[in-house]
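# Architecture and fold: a report
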Amino acid sequence: MKVVTRFAPSPTGNLHIGTVRTALFSWLYARRHSGEFYLRIEDTDRQRSTPEASKLIIDSLDWLGLSHDGDLVYQSERTAIYRERARQLIEAGLAYHCTCSRERLDALRSEQMKQGLKPRYDHKCRELGLVPDQSTEYVIRFKNPLDGSVVVRDMVQGEVIYDNSQLDDLIIIRPDRTPTYNFSVVVDETDMGVTHVIRGDDHLNNTPRQINLFTAFGQNPPKFGHVPMVLSAEGRKLSKRDNVASVLEYRDMGYLPEAILNYLVRLGWSHGDKEIFSLDEMIELFDAEKIHRSPASLDPKKLIWINHQHMMELDAKDIRQRSRKIFDDLGVDIESSPVSVERVFEAQKSRSKTLCEFVERSRYFFVDEIEFDESSVQKHLTEKTRRPLQEFRSALTEISEWTQENIHTALVAVVETNGIKFGELAQPVRVALTGGTVSPGIDVTVELIGKSRTLARLDRALGLGE
RNA sequence: GUCCCCAUCGUCUAGUCAGGUUUAGGACACCAGCCUUUCACGCUGGCGACGGGGGUUCGAAUCCCCCUGGGGACGCCA
């Protein structure tokens, strides 16, 4: 049978990184088994759902590359279907109208809590066979089985048994005739042919109710896999209060989507000692049975490290497209620059933990006017370094072929005739060309900046001390 | 309060199901050193954990019980 999984977020805020991990697991499971991965927007709560939040979800998944199959499903467009299914349940004697007031329910609940009982509906309307007229406010409740138990065989949690006596006659249709979560989910999983439900373990307690509902519809429930939540670095539940609320913020900070996914897949799951996974490797090696049952905390430092690993493995020919927007935002035009961004990246990737870091520390390759760091100038562009710099400049003019090797030879020659250490020439040149003391190897830096710009910058540096 | 889940270095984890191969392995971070023209990368080493208590057993991180601690659920939210 074909595997069908789904991601079913409610559009009530940002897509945070914990939710993304659930989506990733679901997506991986589908891809692993050559199945389908659907996206369903759970917007039955009209008060809290917004179109902006839906867009955020779609944009986030899009950026991450967690593509979904088939059409996007909005629950809000399926209300008629839910009503019809509820009607069928009533007809079959498996659901009923209930006219109990909220006040009565609230009082009941607090009374039960006070007595140390698990709060539940007391079945007042269960066997009344009420058929309310238009003017009466009512809800529709599901007749949960009174006895026996429900066994959840969970891919992650193992076997969890719930006693039906612990469960409730849950409301499936509200007075405004919209469906509640547990009901719409069951209808949707059935209609969409979902075979594997992978979701947060905050839903584990809902599962026996849903299984009873599946049974009422004469359906075999899908397989479930309840994955633990992700905790913040402080070990608390992830919330908007944690500074990084949305995955899109990671994009803006220059993280690679594949690195985010790699980091997330290693949270609560592992494959031996392997740390770095390409997307294809994740798909090939992912195994839902090995997901941990315990929640994991986020570690920003490790995320950075993983991002760096992926940066270093990034194909240089992708860097232009990946970093263009960041360059643009900084006002750096890489398209009309004589310097190849691909080659700059090759030279910079070992020291660029994020795309933003790469862009920021590569400015001097692309702009005409570099900015000088005052203390670097003070330290390295001195009277003492003047002569070697000048000699280096003239040596460069002699170079016929502008290659790293030839530049290196020129460097060495000047170092030797002046009897100085390599760094005593390299650092002044570096400051002259980049404005600061940090750059790739000096010969590559000189080569990439190009002959005319190098000469011009050396001239400017030489004039700086006058 | 009731129900459910969880528990190995600071963090992510291997080992737990099938108890001995474990002086508990790896990774991030941190510290020291090496490499070196800067910064990185890389390399070497160090620090560092089975929450507590009872059992079972020749032997327990691994099995059982209790405690503690964390999380979740108990909604006309999802």
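None of these values were measured; they are calculated from a predicted model. (Residues numbered from 1 in each chain as written. Chains lettered and ligands numbered in written order. Predicted model: local features only at pLDDT ≥ 70, side-chain atom pairs only at ≥ 80, totals over all residues. Heavy atoms only, no water.)

### Describing the protein's contact with RNA strand B
Test applied: Proximity criterion: a residue is near a molecule or strand once any of its heavy atoms comes within 4 Å of it. Any pair of N or O atoms that falls within 3.5 Å is considered a polar contact. Within protein, one atom must be able to donate a hydrogen and the other to accept it, and sequence-neighbouring residues count only if both atoms are side-chain atoms. For the purposes of this entry, the term helix denotes a DSSP run of H or I that reaches at least four residues, the term strand denotes a run of E that reaches at least two, and both are numbered from the N terminus. Three categories are distinguished: nonpolar for Ala, Val, Leu, Ile, Met, Phe, Trp, Tyr, Cys and Pro, charged for Asp, Glu, Lys and Arg, and polar for the others, with Gly belonging to the last.
Neighbouring residues of RNA strand B: 62 residues in total, closest R174, G268, R293, S350 and R351. Considering RNA strand B, the proportion of its atoms within 4 Å of the protein that are sugar or phosphate atoms stands at 67%. Between RNA strand B and the protein, one listed contact pairs a base nitrogen with a side-chain N or O atom of D273 at 3.2 Å. Elements with a contribution of two residues or more to the surface near RNA strand B: α4 (102-114), β7 (158-163), β12 (296-297), α10 (300-313), α18 (422-434) and α19 (442-449). Among the residues forming the surface near RNA strand B, the class breakdown is 20 nonpolar, 21 polar and 21 charged.

### Structural notes on the domain arrangement of chain A
As a measure of interface size, the accessible area lost when the parts come together is often cited. As a reminder of what qualifies: Throughout the structure description, domain borders are defined by an automatic or database domain assignment. Pairs of residues are marked as contacts when any of their non-hydrogen atoms sit within 4.5 Å. The term buried area denotes the loss of accessible surface (1.4 Å probe radius) that occurs when two parts are joined, taken as the sum for both partners. For salt bridges, the criterion is a side-chain nitrogen of Lys or Arg within 4 Å of an Asp or Glu carboxyl oxygen.
The domain architecture assigned to chain A consists of domain 1 (4-74 + 185-227), domain 2 (78-182), domain 3 (243-310), domain 4 (316-366) and domain 5 (374-464). Placing a centre on the C-alpha atoms of domain 2 and another on those of domain 3 gives a separation of 39 Å. Opposite the four residues of domain 2 that make contact, domain 3 presents five residues. Per-residue buried area on domain 2 facing domain 3 is highest for M155, V156 and Q157; these three make up 96% of the total on that side. At the boundary of domain 2 and domain 3, one finds zero salt bridges. Where domain 2 packs against domain 3, one counts two residue pairs in polar contact (both at pLDDT 80 or more).

### Section: the side chain of R126
The criterion, for reference: When a residue's accessible area, from a 1.4 Å probe over protein chains only, is under 20% of the maximum for its type it is buried; when over 50% it is exposed; and in between it is partly exposed.
Considering the arrangement of structural elements, one finds R126 in the loop between α4 and β5 (139-142). On the basis of relative accessible area, R126 is assigned to the buried category, the value being 9%. One polar contact links the side chain of R126 to the main-chain carbonyl oxygen of N144, over a distance of 2.9 Å. Every residue in contact with R126, bar those within four places of it in the chain, is listed here: Y96, K143, N144, L146 and D169.

### Quick word on the packing of helix α12 (residues 341-348) against α19
Inclusion rule: The angle between two axes is taken between their N-to-C directions and runs from 0 to 180 degrees, where each axis is a line fitted to C-alpha atoms and a helix contributes only its stretch in contact. The scheme is simple: roughly parallel for angles under 35 degrees, roughly antiparallel for over 145, roughly perpendicular for 65 to 115, oblique for anything else.
The interhelical angle for the contact between α12 and α19, taken along N-to-C directions, is 170°, at an axis separation of 11 Å. Of the possible angle classes, the one that applies to α12 and α19 is roughly antiparallel. Residues R343, V344 and A347 of α12 form the contact with α19, whose own contacting residues are V444, E447 and L448. Each residue belonging to the contact of α12 with α19 can be placed in one class, and the counts come to four nonpolar, no polar and two charged.

### Structural notes on the sheet that holds β5
What counts is decided by this rule: Whether two strands pair comes down to DSSP finding at least two bridges between them.
If you trace the three strands from one edge of the open sheet to the other, you get β4-β5-β8, paired in antiparallel fashion. The sheet terminates laterally at β4 (95-98) and β8 (171-173), the two strands that pair on one side only. Across the sheet, the axes of successive neighbouring strands diverge by a mean angle of 45°, strand direction being ignored. Here β5 runs beside β8; their pairing, made up of two bridges, is antiparallel. Across the sheet, residue R141 finds its bridge partner in β8, namely I171.

### Description of α18
Note the threshold: Here a helix's expected span is defined as the number of its residues, less one, multiplied by 1.5 Å.
Its 13 residues place the ends of α18 18 Å apart at the C-alpha level, agreeing with the 18 Å of an ideal helix rising 1.5 Å per residue. Of all 13 residues that make up α18, 10 are buried, and the element is covered over most of its length. Within α18, the full set of buried residues consists of L425, A426, Q427, P428, V429, R430, V431, A432, L433 and T434.

### Examining the packing of aromatic side chains
Where we set the bar: Side-chain rings of Phe, Tyr and Trp (the six-membered ring for Trp) are treated as a pair once their centres are within 6.5 Å; stacked means planes under 30 degrees apart, edge-to-face means over 60, and tilted covers the remaining angles. By the criterion adopted, a ring carries a charge over it if an Arg CZ or a Lys NZ lies within 6 Å of its centre and within 35 degrees of its normal.
A full pass over the atoms with the stated rule returns nine aromatic pairs. For the ring pair F25 and F286, a centre distance of 5.3 Å and an interplane angle of 25° mean the geometry is stacked. Of this pair, F25 sits in helix α1 (residues 17-32) while F286 sits in the loop between α9 (279-285) and β12, and the two are 261 residues apart along the sequence. Seen in terms of ring centroids, Y364 and F365 are 4.6 Å apart; in terms of plane orientation they differ by 40°. Their pairing is tilted. Neither residue differs from the other here; Y364 and F365 are each classed as buried. An aromatic cluster of at least three residues, connected via ring pairs, comprises F25, W269, F277 and F286. The ring of Y121 has R141 lying over it, and the distance from NZ or CZ to the ring centre is 3.6 Å. Between K274 and the ring centre of F277, over which it is positioned, the NZ or CZ distance is 5.2 Å.

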